[in-house]
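Here is how the chains run, residue by residue.
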Amino acid sequence: MAVALVVTHTTTLDTLALPLWVQIPSGVAAGFGIGVVAAIMGVAGGELLIPTIVLLFGEDIKTAGSLSLLVSLPTMLVAFARYSRDGSFAVLRGNLRFTLVMVAGSVAGAMLGGLLLGVFPALVLTPALAVILLVSAVKLARHD
């Protein structure tokens, strides 16, 4: 996904120009796959949603980020309910301080990011997302 973002960002190649009758089932299939991965990994899926929205639907990176937040919310609520039922959140009790610190940092970061959204152009955001995706892929590949 990182390579596809960079290629469509730096060359004359553009995002897929799919007709609506192809976009809808493609979006459902992509959403299903991203939802499964997000629930298994315990993530919101933005790292997959944003590139999918940019590449599959041709939205700009800022719109894709906003749409990702909207799509991630119900995904996370369903995953949260599922994880709560099977006791997977028991680990949080042992890491309460870490959790609270991360929540505080995440909320503050989201507030600042929302304020800075108009400051950073897509020319900066797309390569930044590509770098984040590449670094994450390398870290996951090296993880034992």
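What you are looking at is a predicted structure, and each value in this text was computed from that prediction instead of being measured.

Visitor: I'm lost on the nonpolar core in this one. Help?
Guide: The tendency in soluble globular proteins is for nonpolar side chains to be buried side by side. Judged by nonpolar contacts, Ala-2, Leu-5, Ile-50, Ile-53, Val-54, Leu-55, Ile-61, Ala-64, Leu-129, Ala-130 and Leu-133 together constitute the single largest core of eleven residues. When contributions to this core are tallied by element, the ones reaching two or more residues are helix H1 (2–10), helix H3 (46–57), helix H4 (61–85) and helix H7 (122–142). Ranked by residue count, the leading element in this core is H3, at four residues. Here Ile-53 is in contact with Gly-58, Glu-59, Ala-64, Leu-67 and Ser-68, once residues within four sequence places are set aside.

Visitor: So what exactly am I meant to see when it comes to the confidence of the model for the chain here?
Guide: If pLDDT is low for a region, its predicted coordinates should not be looked at in detail. Per-residue confidence for the chain averages 82 on the pLDDT scale, and 92% of its residues sit at or above 70. No element of the chain has a lower mean pLDDT than H1, which averages 71, and none a higher one than helix H6 (residues 96–116), which averages 91.

Visitor: I tried to follow helix H2 (residues 20–41) on my own but got confused; where do I start?
Guide: Every α-helical turn comprises 3.6 residues, leaving residues that sit three or four positions apart pointing alike. Between the first and last C-alpha of H2 there are 31 Å, a value that for 22 residues agrees with the 32 Å anticipated at 1.5 Å per step. Those residues of H2 lying buried are Gln-23, Ile-34 and Ala-38. The buried residues of H2 occupy an angular sector of 35° when the element is viewed end-on, so they sit on one face. Exposed residues on H2 whose side chains face more than 90 degrees from its buried face are Trp-21, Val-28, Phe-32 and Ile-40. The elements touched by buried residues of H2 are H3 and H4.

Rules used throughout
Residues numbered from 1 in each chain as written. Predicted model: local features only at pLDDT ≥ 70, side-chain atom pairs only at ≥ 80, totals over all residues. Heavy atoms only, no water. Core = buried A, V, L, I, M, F, W, Y, C linked by side-chain atoms within 4.5 Å. Buried < 20%, exposed > 50% of the residue type's maximum accessible area, 1.4 Å probe, protein only. Helix = DSSP H or I, 4+ residues; strand = E, 2+ residues; numbered from the N terminus. Contact = heavy atoms within 4.5 Å. pLDDT = per-residue confidence, 0-100. Expected span 1.5 Å × (residues − 1). Arc of directions from axis to C-beta.

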